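Next come the chains, spelled out residue by residue.
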Amino acid sequence: MKEILRKIFTDNHFISVKLSNPVQKRDLDFWACYKENAINFYLVLLMEEEELAINSVINDVSTYFDAIKSLETGYDERMDKNLSMLVCLKVKDSAVSKIYEDVFEIEEDPYFFKKYVLVYNEQNASELTKLFNDPSKDSNQVINEVVNNSELFLNYKEDIGSTSLYEMCSKLMIKIPIIKLENKVQDVTDLNLEIDEELSKQELLTLKNFILDNDIVNEKFVEALGYFVGDDFAHG
């Protein structure tokens, strides 16, 4: 997961800032983007499911905040208003609904900075890592391709509450808003071909071409239907 996040942040112009770990039992990274029009900072905690102790995470927030404020190199006063904490929580069980209440409690804590919890499992992380290995695409492209994949979306809808590659990528977009959703626009030419193929299967392609060629609208459209499929259909 650490390498996945490294690619996402570096692809989006973030740099890694060395931060002394004030809570030694946790693995952490600190990422900063100092661009004037995209100032943003992320404290990333990587945890296992069994490490999750809600009160401990919330109670340690002030400690992390003080450590960031005490940075000798890399501190920027704009951090105070542009700082987020991302908790990456690896789970073993495919059904993770039982921990969502805990996730909600962390994310709703209002103090110091915004908090996000990303739940994932090793299989999903491995799948995404393989996709990230394509040198011709950056992380934003890969994640968008997954999120815009209708087949993966339908599979996700059938098993909401379990972890999946689709859920992981969609949650990455939510938890790390620097990843922008690029709506997939299907090529119009390809769409027209698909429509024509389907109409041809239903023996309606001739009807469609006749209507378009003769600029038929409104009442004449009904008459055209009667011509091709019979008067009973056209007149009810």
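As shown above, the structure is provided for reference.
Note that this is a predicted model, so its numbers are computed, not measured.

Q: How would you sum up the pairing of strand β2 (residues 27-33)? Please name residues and give values.
A: Extensive coverage of β2 is indicated by the burial of 6 of its 7 residues. The sheet contact formed by strand β1 (residues 15-16) and β2 spans 2 bridges and is antiparallel. Each bridged residue has a counterpart across the sheet, and for S16 the counterpart in β2 is W31. Bridge count for β2 against strand β3 (residues 40-48) is 7 bridges, and the pairing is antiparallel. Paired with W31 across the strands is Y42, a residue of β3. In this antiparallel pair of consecutive strands, β2 and β3, the connection spans 6 residues.

Q: So, the side chain of K115: which residues are in play, and what are the values?
A: Within the element layout of this structure, K115 appears in strand β5 (residues 114-120). Of the polar contacts made by the side chain of K115, one reaches the side chain of D109; its length is 3.1 Å. Of the polar contacts made by the side chain of K115, one reaches the backbone oxygen of Y111; its length is 2.6 Å. With near-sequence residues (within four places) excluded, K115 lies in contact with V61, M85, I106, E107, D109 and P110.

Q: Account for the pattern of salt bridges, naming residues and giving values.
A: Side-chain pairs of opposite charge can arise whenever the charged atoms involved come near each other. In this structure the tally under the stated criterion is 10 salt bridges. With a closest N to O distance of 3.2 Å, K2 and D27 form a salt bridge. Within this pair, whereas K2 is found in helix α1 (residues 2-11), its partner D27 is found in strand β2, the two being separated by 25 residues in sequence. A salt bridge links E167 to K171; its shortest N-O distance comes to 3.4 Å. Pair noted here: E167 and K171 are both in helix α8 (residues 165-175), with a separation of 4 residues, about one helical turn.

Definitions and cut-offs
- Residues numbered from 1 in each chain as written.
- Predicted model: local features only at pLDDT ≥ 70, side-chain atom pairs only at ≥ 80, totals over all residues.
- Heavy atoms only, no water.
- Buried < 20%, exposed > 50% of the residue type's maximum accessible area, 1.4 Å probe, protein only.
- Helix = DSSP H or I, 4+ residues; strand = E, 2+ residues; numbered from the N terminus.
- Pairing = 2+ DSSP bridges.
- Polar contact = N/O pair within 3.5 Å; in protein donor to acceptor, adjacent residues only side chain to side chain.
- Contact = heavy atoms within 4.5 Å.
- Salt bridge = Lys/Arg side-chain N within 4 Å of Asp/Glu carboxyl O.

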